[in-house]
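Coordinate inspection notes
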Amino acid sequence: MSRNSNMKFLYIGIAIALLLAVLAPFLASSDPDGLESAAAGVIEESKLTELEEQEPFVSSPMPDYSIEGMGKSGEVAAIAGGTLAVLAISFGFGKVFKKKD
Amino acid sequence: MHIPDSFIPFDQALIYWALALPFIIMSMKWAKNELDEMKVPILAALAAGIFAIQAMNIPIGMGTSGHMVGAVLVAIVFGTPWAGVLVLTLVLLVQGFAFADGGITTMGANILNMGVISGFIGYYTYVTLRKSTGTSIAALVGAWLGLFTSAIACAIQMWLAGTFPLVPGLMAMGTFHLIIGFVGEGLITSVAIAAIAKSRPDLLEDDFTARPDKHTKEAHA
């Protein structure tokens, strides 16, 4: 019974996550987050520009949850893809690392 | 609150990685010793949900937005902050490598702030308050305080990095995350816990205060 109800929890979780993935590109605020906003307020402008223009240590395939040239649908795809990747990785991790008995 | 690579010098970023690593290893040990196979779907559902909700930035005024972090929610559901550390580590790995959301060199600091500090402070605040206030308020206050404390830690790291001045940095990070912590973390965690308490009360009972198998194990040890 518990196994079934845990699988139900998983399906509801996936449904909520994918719904969020579809809605986020349209509903999420594009204002800077708390850290970026604090940075803009307390760092000198020239230094901030310099920090922001630095390339990340490793370049990512889909920076800022966007796929080049695909607009909003690309964002939906990126977030949904990331959601499914996290789902698969955590499920796989859990199966490998779970308690052995 | 995802710190990008450029905000912390490389040598300091390595120190945060070194500090985060024991917590990551402990979270994996928790999975090996305590994670019941039946609960793997719960872990995966929470991880996926947290990744998705972190894309949902909520406007908080002052031209600023914020999103839920989620470590406290995971910790409450699993009855241990190690579960929160584990889930946030997995989420931050995917965010950093696939989406450049948070740096790779600064991932240690991000895991420390969002996984460890917010999760531990939030979970133990929840445990302390739960009996007197009930789960909803305890979850709200715990999640709120956890996020706020991690933002203060982040502001101090930014100061040590030479990126933010100390007092203005603390003021700005503190102000924004007091609001983000209430709306984005506290309210959502509380609503999610209330929904779980209603549909799956068994999940929330299964923690260290009421886990028969753990007590028997300790008795045998």
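Relevant structure appears above.
Here goes a summary of the coordinates provided. If you're wondering where the values come from, they're calculated on a predicted model, not measured in any experiment. Here the residue numbering is sequential within each chain, running from 1 through the sequence in written order. Whichever chain is written first becomes A and whichever ligand is written first becomes 1, with later ones labelled in order. Local features in this predicted model are restricted to residues of pLDDT 70 or higher, and side-chain atom pairs are both shown and tallied only at a pLDDT of 80 or more, whereas totals for entire chains, interfaces and linings draw on every residue. As a rule here, side-chain values cover all heavy atoms of the structure and leave hydrogens and water aside.

**Structural notes on the overall build of chain A**
Runs of H or I in DSSP of at least four residues are treated as helices and runs of E of at least two as strands, each being numbered from the N terminus. Summing up its helical and strand segments, chain A has four helices and zero strands in all. Counting helices and strands in the order they occur from the N terminus, chain A gives α-α-α-α. Taken over C-alpha atoms, the radius of gyration is set against a globule rule of 2.2 Å times the number of residues to the power 0.38. Taken against the 2.2 N^0.38 rule, which gives 13 Å for 101 residues, the C-alpha radius of gyration of chain A at 19 Å runs more than 25% over that of a compact globule. In terms of overall dimensions, chain A has a C-alpha envelope of 60 × 30 × 25 Å along the principal axes.

**Re the packing of helix H4 (residues 71-97) of chain A against helix H4 (residues 81-99) of chain B**
It is at 10 Å that the axes of H4 of chain A and H4 of chain B come closest, and there the two elements cross at 140 degrees. Considered as vectors, H4 of chain A and H4 of chain B are oriented oblique to each other. For the pair H4 of chain A and H4 of chain B, the crossing hand works out as right-handed. Of the residues in H4 of chain B, those in contact with Ala78, Gly82, Val86, Ile89, Ser90 and Phe93 of chain A of H4 of chain A are Leu86, Leu90, Val91, Val94 and Phe99 of chain B. Classes in brief: Ala, Val, Leu, Ile, Met, Phe, Trp, Tyr, Cys and Pro nonpolar; Asp, Glu, Lys and Arg charged; the others, Gly included, polar. Among the residues forming the contact of H4 of chain A with H4 of chain B, the class breakdown is nine nonpolar, two polar and no charged. Note on method: axes are straight lines fitted to C-alpha atoms, helices fitted across the in-contact stretch only, with angles between N-to-C directions ranging 0 to 180 degrees. If an angle is under 35 degrees, it is roughly parallel; if it is over 145, roughly antiparallel; if it lies from 65 to 115, roughly perpendicular; otherwise it is oblique. With the far helix as reference, a near helix turned anticlockwise by less than a right angle produces a left-handed crossing, and one turned clockwise produces a right-handed crossing. By the convention used here, residues are in contact when the closest approach between their heavy atoms is within 4.5 Å.

**Examining the environment of Thr135 of chain B**
Residue and element names in this part refer to chain B. Relative to the helices and strands, Thr135 resides in helix H6 (residues 135-160). With 55 residues separating them in the primary sequence, Thr135 and Ser190 have C-alpha atoms 7.9 Å apart. Excluding its chain neighbours within four sequence positions, the residues that come into contact with Thr135 are Tyr126, Arg130 and Ile193.

**A look at the interface of chain B and chain A**
Each partner contributes residues to the interface: chain B has 70 residues there, and chain A has 54 residues. We define buried area as the total accessible area lost by two parts upon association, computed with a 1.4 Å probe and summed across both. Together, the buried faces of chain B and chain A total about 5,200 Å²; carbon and sulfur atoms form 72% of this surface. Of all residues in chain B, the largest losses of buried area upon contact with chain A belong to Met38, Met56 and Phe99 of chain B, amounting jointly to 12% of the total for that side. The working definition used for a salt bridge is a side-chain nitrogen of Lys or Arg within 4 Å of a carboxyl oxygen of Asp or Glu. For the interface between chain B and chain A, the tally reads one salt bridge. For the salt bridge of Lys95 of chain A with Glu37 of chain B, the shortest nitrogen-to-oxygen distance reads 3.0 Å. Polar contact is the term for a pair of N or O atoms within 3.5 Å; when the atoms are in protein, one must be able to donate a hydrogen and the other to accept it, and sequence-neighboring residues count only if both atoms are side-chain atoms. Our count for the chain B to chain A interface comes out at 22 residue pairs in polar contact (both at pLDDT 80 or more). Of all elements in the fold, only helix H1 (10-34), helix H2 (40-53), strand S1 (58-61), strand S2 (64-66), H4, H6 and helix H7 (166-199) of chain B reach the threshold of two or more residues within the side of chain B that touches chain A. Counting residues per element, the side of chain B that touches chain A draws most heavily on H2 of chain B, at 13 residues. Considering only residue class, the side of chain B that touches chain A consists of 46 nonpolar, 15 polar and nine charged.

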